[in-house]
Amino acid sequence: MSDPSAVLDDLRAEGDALDQLVGGLSEQQWSLATPAPRWSIAHQVAHLAWTDTAALLSVTDPEAFAEETRKALESPGTFVDEGAEAGAELPVDELLAWWRDGREQLQRAVRAAPAGARFPWYGPPMSAASLATGRLMETWAHGQDIADAVGVRRAPTARLRHVARIGVRARDYAYFVRGLAAPTEEFRVELTAPDGSGLWAYGPEDAPQRVTGPALDFCLLVTQRAHRADVAVRAEGADADRWLDIAQAFAGPAGDGRPASAETAAPPGEGAGA
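Throughout what follows, the structure given in this document is the object of discussion. (Residues numbered from 1 in each chain as written. Predicted model: local features only at pLDDT ≥ 70, side-chain atom pairs only at ≥ 80, totals over all residues. Heavy atoms only, no water.)

Regarding the overall build of the chain
For step 1, the next point in the chain: Along the backbone of the chain there are 11 helices and six strands.
For step 2, the next point in the chain: What you see for the chain is a C-alpha radius of gyration of 19 Å, in line with the 19 Å of a compact globule of 274 residues.
For step 3, the next point in the chain: Dimensions of the chain, computed from the C-alpha atoms along their principal axes, are close to 50 × 45 × 40 Å.
For step 4, the next point in the chain: In the chain, which comprises 274 residues, the share counted as buried stands at 44%.
For step 5, the next point in the chain: Counting contacts in the chain only where the partners sit at least 6 residues apart, residues at least 24 apart contribute 66% of the total.
For step 6, the next point in the chain: In the chain, which carries 25 positive and 40 negative side-chain charges, the distance between the mean positions of the two groups comes to 3 Å. (Helix = DSSP H or I, 4+ residues; strand = E, 2+ residues; numbered from the N terminus. Rg over C-alpha atoms; globule rule 2.2 N^0.38 Å. Buried < 20%, exposed > 50% of the residue type's maximum accessible area, 1.4 Å probe, protein only. Contact = heavy atoms within 4.5 Å. Lys, Arg positive; Asp, Glu negative; His and termini not counted. Charge placed at Lys NZ, Arg CZ, Asp CG, Glu CD.)

Considering the pairing of strand β3 (residues 188–192)
For step 1, the next point in the chain: Within β3, four of the five residues are buried, which leaves the element mostly enclosed by the surrounding structure.
For step 2, the next point in the chain: Alignment of β3 against strand β5 (residues 210–214), held across five bridges, turns out to be parallel. Along β5, the bridge assignment pairs Val189 with Val211. (Pairing = 2+ DSSP bridges.)

Examining the nonpolar core
For step 1, the next point in the chain: The biggest cluster of nonpolar side chains holds 50 residues, and the ones touching the most others in it are Leu131, Val189, Leu191, Trp200, Val211, Phe218 and Trp243.
For step 2, the next point in the chain: Within the second largest apolar cluster, 17 residues are counted, among which are Trp30, Ala88, Trp99 and Ala147. (Core = buried A, V, L, I, M, F, W, Y, C linked by side-chain atoms within 4.5 Å.)

Some remarks on the environment of Trp243
For step 1, the next point in the chain: By the element assignment, Trp243 lies in helix α10 (residues 238–246).
For step 2, the next point in the chain: Considered as a pair, Trp243 and Glu185 are 58 residues apart in the sequence and their alpha carbons are 13 Å apart.
For step 3, the next point in the chain: Beyond its immediate sequence surroundings of up to four residues, Trp243 is in contact with Gly167, Val168, Arg171, Tyr175, Phe187, Val189, Val211 and Phe218.

Focus: the packing of aromatic side chains
For step 1, the next point in the chain: Considering all chains together, one arrives at eight aromatic pairs under this definition.
For step 2, the next point in the chain: For the ring pair Trp50 and Phe79, a centre distance of 5.8 Å and an interplane angle of 55° mean the geometry is tilted. Placement of Trp50 in helix α2 (residues 41–60) and of Phe79 in helix α4 (residues 79–88) is noted, with a sequence separation of 29 residues between them.
For step 3, the next point in the chain: Arranged with centres 5.5 Å apart and planes meeting at 5°, the rings of Phe65 and Trp121 form a pair that is stacked. (Phe/Tyr/Trp six-rings, centres within 6.5 Å; stacked < 30°, edge-to-face > 60°.)

What to know about the pattern of salt bridges
For step 1, the next point in the chain: Going through the model one piece at a time under the given rule, you end up with 21 salt bridges.
For step 2, the next point in the chain: Between Arg225 and Asp145 there is a salt bridge whose closest N-O contact spans 2.8 Å. Of the two residues, Arg225 is situated in the loop between α9 (215–222) and β6 (234–236) and Asp145 in helix α6 (residues 128–150); the sequence distance between them amounts to 80 residues. For the pair shown, Arg225 and Asp145 are each scored as buried. (Salt bridge = Lys/Arg side-chain N within 4 Å of Asp/Glu carboxyl O.)

Brief notes about the layout of surface pockets
For step 1, the next point in the chain: Each pocket or cavity is described by its volume, and for the second largest pocket that value is around 440 Å³.
For step 2, the next point in the chain: Taken together, 21 residues make up the lining of the second largest pocket; nearest its centre are Gln144, Val152, Arg153, Arg154 and Ala155.
For step 3, the next point in the chain: Elements represented by at least two residues in the lining of the second largest pocket include exactly α1 (5–23), α6 and α9.
For step 4, the next point in the chain: Looking at the lining of the second largest pocket element by element, the count peaks at four residues for α1.
For step 5, the next point in the chain: Broken down by class, the residue content of the lining of the second largest pocket amounts to 11 nonpolar, two polar and eight charged. (1 Å grid on protein atoms, 1.4 Å probe; cavity = no way out; pocket = protein on both sides within 12 Å on 5 of 7 lines; lining within 4 Å. Points joined across faces, edges and corners; volume = space filled by probe spheres on them. Nonpolar A, V, L, I, M, F, W, Y, C, P; charged D, E, K, R; others polar.)

What about α2?
Because an α-helix completes one turn every 3.6 residues, residues spaced three or four positions apart along the sequence face the same direction.
For step 1, the next point in the chain: The end-to-end C-alpha separation of α2 is 29 Å, in line with the 28 Å expected for 20 residues at 1.5 Å each.
For step 2, the next point in the chain: Most of α2 is tucked away, with 16 of its 20 residues classed as buried.
For step 3, the next point in the chain: Measuring from the backbone nitrogen of Ala42 back to the side-chain oxygen at the start of α2 gives 3.3 Å, which picks out Ser40 as the cap. (Expected span 1.5 Å × (residues − 1). Polar contact = N/O pair within 3.5 Å; in protein donor to acceptor, adjacent residues only side chain to side chain.)

Let's talk about the packing of α2 against α4
For step 1, the next point in the chain: Where α2 meets α4, the axes come as close as 7 Å, and the angle between the chain directions of the two elements is 110°. With respect to each other, α2 and α4 are oriented roughly perpendicular. You can see that α2 and α4 cross each other, and the crossing is right-handed. Contact residues: α2 offers Ala42, His43, Ala46, His47 and Trp50, while α4 offers Phe79, Val80, Gly83, Ala84, Glu85, Gly87 and Ala88.
For step 2, the next point in the chain: When grouped by side-chain class, the residues that make up the contact of α2 with α4 number seven nonpolar, four polar and one charged. (Axes fitted to C-alpha atoms, helices over the stretch in contact; angles between N-to-C directions. Parallel < 35°, antiparallel > 145°, perpendicular 65-115°, else oblique. Left-handed = near helix turned anticlockwise from the far one by under 90°.)

Quick word on the sheet that holds strand β4 (residues 199–202)
For step 1, the next point in the chain: Overall, mixed pairing links the four strands, which are arranged β4-β3-β5-β6 in an open sheet. The open sheet is flanked by β4 and β6, the only strands paired with a single partner. Ignoring strand direction, the axes of neighbouring strands in this sheet form an average angle of 15°.
For step 2, the next point in the chain: The pairing of β5 with β6 spans three bridges and is classified as antiparallel. Bridge pairing in β6 links Arg210 to Glu236.
For step 3, the next point in the chain: Sheet strands in contact with helix α7 (residues 160–169) are β3 and β4, and its direction is about 25° off that of β4.
For step 4, the next point in the chain: Each of β3, β4 and β5 touches α9; the most contacted strand, β5, lies at about 110° to it.

Here you go:
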């Protein structure tokens with residue numbers, strides 16, 4: 001049975017780090033466009049607040065959450081955008097207070113939940129540790145959208161281990177949402193820790209299909225916050241190579257991901273280094 005305390009601590013730290021970034025923005029900056037189509041910084045924070053509220057409902061009132069799930073199934077292609085849009089219309093101070101309060105309430109509720117409890121979600125039910133890991137992954141990924149919008153380069157931390165683990169475990173899901181058959185054998189994934197201290201390794205050591213690279217780059221790739229051409233993640237084997245083209249750590253329909261940067265997308269002889 002997994003103790004969720006460590007990942008809950010990391011979730012709090014990830015939220016606090018993003019809070020420091022958005023808390024220092026001007027009201028005008030909250031309207032800046034992010035890489036997500038039609039989403040401003042306000043939309044990004046509103047989405048996090050909305051999802052934290054849904055997670056809190058799952059933990060504290062499963063019957064009410066089931067009703068929210070029913071509503072989501074009635075508009076599967078729009079309910080996420082609708083939640084973000086409604087929150088983005090709030091005054092900045094109200095939106096920030098909603099997100100902060102929701103984060104803290106969720107922390108208290110999950111820590112108080114009985115050991116071994118499982119909570120309903122938009123997919124399969126989740127343990128406390130899995131729920132917290134999912135919230136951390138989303139906080140980091142949407143935080144990346146915000147950082148990109150304001151031109152801030154965030155220092156990667158050991159908290160990325162949670163994001164990387166989701167990315168590895170979600171391998172077969174990436175095939176499923178595209179109607180593809182997943183490979184039958186496991187891959188070996190070896191990622192260099194952000195501080196260079198060692199490897200985060202997953203899968204059999206002798207697996208012929210392998211993925212290697214910096215943990216940060218892998219996390220950017222599987223959350224679709226960077227194009228494959230812009231990260232230093234490498235594959236050995238045809239199946240592993242195909243996976244890197246479609247990898248996604250998040251639930252929901254297959255995303256288009258980020259386009260390649262101007263430098264990597266340019267024809268030979270026309271890039272920035274030409």
